[in-house]
Amino acid sequence: MKLLHRAKLIGVIKNIGPDEMGLAGSIELLPAAEPFKPLFDFLIDEERNHQEPPFSEEILEGWSIEDEHGVDRPIFAPAIDNNYTTIEWRW
């Protein structure tokens with residue numbers, strides 16, 4: 001599967017399985033992910049993630065996952081953790 005932001009490839013997802021309220025897997029981020037790392041850090045920071053995100057709608061919206069059949073499904077901004085190696089998301 002592929003993680004996309006506004007149709008731009010951000011990372012490749014493998015080892016997908018259920019996780020509490022969504023799905024999780026391992027991810028290999030591409031260089032295109034670099035500008036989004038502050039967002040990923042914010043979303044997993046338990047002390048700050050209840051606050052209003054200090055990011056534009058341009059960054060917060062437009063996330064999707066493309067499956068192996070090329071079907072693109074919108075998601076909320078993903079949580080990427082463990083030194084940017086795991087991903088969790090909800091449809």
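This text goes with the structure placed above it.
This is a predicted model, so every value here is computed, not measured. (Residues numbered from 1 in each chain as written. Predicted model: local features only at pLDDT ≥ 70, side-chain atom pairs only at ≥ 80, totals over all residues. Heavy atoms only, no water.)

Caption draft 1: Representation of the environment of Asp81 in the model. Along the chain, Asp81 falls in strand S6 (residues 79-81). C-alpha separation for the pair Asp81 and Ile27, spaced 54 residues apart in sequence, amounts to 9.6 Å. What Asp81 contacts, discounting residues up to four positions off in sequence, is Ile44 and Thr86. (Helix = DSSP H or I, 4+ residues; strand = E, 2+ residues; numbered from the N terminus. Contact = heavy atoms within 4.5 Å.)

Caption draft 2: Representation of the pairing of strand S2 (residues 8-19). Sheet topology note: the strand S1 (residues 2-5)/S2 ladder contains four bridges and is antiparallel. Residue pairing in the sheet places His5 in a bridge with Lys8 of S2. Counting the residues that bridge the hairpin from S1 to S2 gives two residues, and of these Arg6 lies at a positive phi of roughly 50 degrees. Of the strand pairs in this sheet, S2 and strand S3 (residues 22-29) are connected by seven bridges, and their pairing is antiparallel. For Gly17, the partnering residue across the bridge sits in S3 and is Ala24. In this structure, the hairpin formed by S2 and S3 is closed by a connection of two residues, where Glu20 is found at a positive phi of approximately 45 degrees. (Pairing = 2+ DSSP bridges.)

Caption draft 3: Spatial organisation of unusual backbone geometry. The phi dihedral of Ala7 is positive, around 70 degrees, even though this residue is not glycine. Residue position: Ala7 is located in the loop between S1 and S2. Phi at Asn83 is positive, roughly 60 degrees, even though this residue is not glycine. Exposure remark for Asn83: the relative accessible area of 68% places this residue in the exposed category. (Buried < 20%, exposed > 50% of the residue type's maximum accessible area, 1.4 Å probe, protein only.)

Caption draft 4: Inspection of the pairing of strand S4 (residues 63-66) at higher detail. Taking every second residue as pointing to the same face, both faces of S4 are buried, with Trp63 and Ile65 on one and Ser64 and Glu66 on the other. With four bridges connecting them, S1 and S4 associate as antiparallel partners. Each bridged residue has a counterpart across the sheet, and for Leu4 the counterpart in S4 is Ser64. When S4 meets strand S5 (residues 72-74), the two strands line up antiparallel, connected through three bridges. The partner of Ile65 across the bridge, within S5, is Arg73. Hairpin connection, S4 to S5: the antiparallel pair is bridged by five residues, and Gly70 has positive phi, about 85 degrees.

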